Amino acid sequence: MLEPLRQGLPPLDPAAVSNAASCALPARYEAVREARQFTRRTLDQWNAGDRFDDVCLVVSELVTNALRHALPASAPRTGEQGPPVRLHLLRWTERLVCAVRDPSRDSPVARDPDDCSAESGRGLFLVDSFSDSWGWQPLSGTLHGKVVWALFRLQPAE
């Protein structure tokens, strides 16, 4: 169900983006709350608040994974250096993409969601369950790391 993990975004015309917003997130766990608040404000501005619960859950999981797994153990958790994680929200007429950029090139690893005794490890299963599709892509050029994204279909405007 979770394969293939490495895939690019489905074909979406970048020129057709109707809205875009992003925020830098520091290397501290409070950044997950900041990401949810940013998502709430942004979706409300875009009149897409009806998808907030699903989008917020996915944003929380993606940001948590970036903070927990994509930062080197030696990375300061105080945010004193530049923010290492960035949340991007992009909206097309009937689609919304949440993308989280982090400095690691390691692929996301989906764990077995049936392990009921595990206290963590179900994040990508939740992302897969609540979004319409998701994937990840390594960054190229002068950028280092990867982007993990999730796509949501939106109801057409009436």
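Residues numbered from 1 in each chain as written. Predicted model: local features only at pLDDT ≥ 70, side-chain atom pairs only at ≥ 80, totals over all residues. Heavy atoms only, no water.

A.B. asks: Honestly, the sheet that holds strand β1 (residues 19-25) in this entry has me stumped. Any pointers?
C.D. replies: Think of a sheet as strands paired side by side through backbone hydrogen bonds, with each pair either parallel or antiparallel. Pairing in this open sheet of 5 strands is antiparallel, and the strands run β1-β2-β3-β5-β4 from one edge to the other. At either end of the open sheet lies a strand with only one pairing partner, and these are β1 and β4 (133-138). Shown here is a sheet whose adjacent strand axes are inclined to one another by a mean of 15°, direction ignored. Strand contacts of helix α1 (residues 30-45): β1, β2 (85-91) and β3 (95-102), with the helix running at about 165° to β1, the strand carrying the most contacts. (Pairing = 2+ DSSP bridges. Helix = DSSP H or I, 4+ residues; strand = E, 2+ residues; numbered from the N terminus. Axes fitted to C-alpha atoms, helices over the stretch in contact; angles between N-to-C directions. Contact = heavy atoms within 4.5 Å.)

A.B. asks: Explain the pairing of β3 here, please?
C.D. replies: When you tally the buried positions in β3, you get 6 out of 8 residues, the bulk of the element. By the bridge criterion, 6 bridges tie β2 to β3 in an arrangement that is antiparallel. Of the residues in β3, the one forming a bridge with Arg86 is Arg101. Hairpin connection from β2 to β3: 3 residues lie between these consecutive antiparallel strands. Pairing geometry for β3 and strand β5 (residues 146-153), over 8 bridges, is antiparallel. Residue pairing for β5: Val100 is matched across the bridge by Val148. (Buried < 20%, exposed > 50% of the residue type's maximum accessible area, 1.4 Å probe, protein only.)

A.B. asks: Explain the state of the cysteines here, please?
C.D. replies: Two cysteines whose sulfur atoms are joined by a covalent bond form what is called a disulfide. What the rule picks out here adds up to 0 disulfides. Of all cysteine sulfurs in the structure, the one in Cys98 sits closest to Cys56, which takes part in no disulfide; the separation is 9.6 Å. When its relative accessible area of 0% is taken as the criterion, Cys98 is described as buried. (Disulfide = S-S within 2.5 Å.)

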